[in-house]
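Commentary on secondary and tertiary structure
In case you want the letters, here they are:
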Amino acid sequence: MKKILSSKKLEKLPPYLFSKINKLKLEAYKKNLDVIDLSMGNPDIPPDKEIIKRLCETVLEHPKTHRYPQAKGMPKFRNTVAEWFLKRFGVKLDPEKEVLALIGSKEGVGHLCMAFLNSKDYTLIPDPSYPVYYNATILAGGIPYLFKILPENGYLPDFGKIPQRIIEKAKILFLNYPNNPTTAVVEDESFLKDAIKFAKKNNLILCYDNAYSEITFDGYVAPSILQFEGAKDIAVEFHSFSKTFCMAGWRVGFVVGNEYIISQLEKFKSFIDYGVPTFIQLSAVKALLDYDRIVPEIKKLYQTRRDIMIKEFKKIGWVIEPPKGSMYLWCKLPEKITKEVGSLKFAEKLLVETGVAVAPGEGFGPNGEGYIRLALVTANNRFHDAALRFKKVFKELGVNLKIKS
Ligand SMILES: Cc1ncc(COP(=O)(O)O)c(C=O)c1O
């Protein structure tokens, strides 16, 4: 029998960013290495107890919650999202038409591509970025166009550099701030106004991924794209409970914004999924209602971890700027390591030899080369050891960083 091959689209995709790292991680565990896992943005602490209690009560006491859920999100879920959004961003949403529940924002971003892209339509994707934008474009039969985002511009794009012939064939523009992996935030809101203008002028869906909107530090408050005039004409914004409430495994998020785009995403989803289980929707409602009590603590946790890790790195001579948002550190590798080894080989060596798992920058796009991304998802007392292990591998690769006071 001939081998049955997967689709050309699937073949075209590079292996999932974390598959190689995950494989090495498992091998490291098998070898009894003391693994410090800073690779995935997978929160290590459980959700608040009240959220868990709500889940347990609902599952035990409400037999109807075991039935198929309301796929677009039950009215209670959509109304609570709309109320939270008004309170948090000052943006009024119609819960009936402008809010849709998602099985995590990854699902929504992926399916948005399927719902809107015809074969050979382009999407405009920052380089580096969350890999799902690229992968979902390919799976939908579209063509990803990567535009560089650079540290000298605060990792904001220069739309003027995207060729007109590509813009004309493009249908979706992806933006994400606080940014994964670069940790950049939008400080000058005129950028968002320009992005809306650019998307409107060029008939693009502005897909604004706000998965890290609530994980911000030093008093910085992340905006919603929907706060700005005209956004609802072309934009949808994705939100996640995974990071905000440490509910990554619960698979729940939502998208808000343009009514037509949401209706088409809902239509697409209706053919392939049944939505978020009712007991998860009700737990997510509890999370939003208790936002003021729960989220400041989570922010504080990540801010403390950020500061400890940066301090430990400073002690080995590696200076990393503290980010104002996200749950990551985006760390520029010493030049010699980038030139001679590269971020993937470095990450592999670090993991195999010392048990520290990180995400290599090139996994987020070619322009991510020269960096590694660290997720702040381990206990505070592990950062000291992690930094020493970096130092050991740097030294083995001939890099001795100068310690600045
Ligand atoms: C930028 C960005 N968007 C979306 C997601 C996916 O979040 P969810 O768990 O809601 O699917 C992630 C997860 O890492 C992310 O980094």
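Further up the page is the structure itself.
Just so you know, these numbers come straight off a predicted model, no measurement behind them.

Further remarks concern the packing of helix 3 (residues 49-61) against helix 12 (residues 278-289). Where helix 3 meets helix 12, the axes come as close as 9 Å, and the angle between the chain directions of the two elements is 150°. In terms of orientation, helix 3 lies roughly antiparallel with respect to helix 12. Note on packing geometry: the crossing formed by helix 3 with helix 12 is right-handed. Contact with helix 3, carried on its side by Glu50, Ile51, Arg54, Leu55, Thr58 and Val59, involves Phe279, Leu282, Ser283, Lys286 and Ala287 of helix 12 and no other residues of that element.

It is worth spelling out the environment of serine 240 at this point. Structurally, serine 240 is set in strand 7 (residues 235-240). Looking at serine 240, the number of C-beta atoms within 10 Å reads 24, which means it is buried. Separated by 164 residues in sequence, serine 240 and lysine 76 have C-alpha atoms that sit 17 Å apart. Ignoring anything within four residues of it in the chain, the contact list for serine 240 reads Gly104, Ser105, Ala211 and Gly253.

Okay, the site of the ligand next. Near the ligand lie 13 residues; those nearest to it are Gly104, Ser105, Lys106, Ser240 and Ser242. Among the residues forming the shell around the ligand, the class breakdown is 3 nonpolar, 8 polar and 2 charged.

The rules we used
Residues numbered from 1 in each chain as written. Predicted model: local features only at pLDDT ≥ 70, side-chain atom pairs only at ≥ 80, totals over all residues. Axes fitted to C-alpha atoms, helices over the stretch in contact; angles between N-to-C directions. Helix = DSSP H or I, 4+ residues; strand = E, 2+ residues; numbered from the N terminus. Parallel < 35°, antiparallel > 145°, perpendicular 65-115°, else oblique. Left-handed = near helix turned anticlockwise from the far one by under 90°. Contact = placed C-beta atoms within 7 Å. Buried ≥ 20, exposed ≤ 12 C-beta atoms within 10 Å, placed from the backbone. Near = placed C-beta within 6 Å. Nonpolar A, V, L, I, M, F, W, Y, C, P; charged D, E, K, R; others polar.

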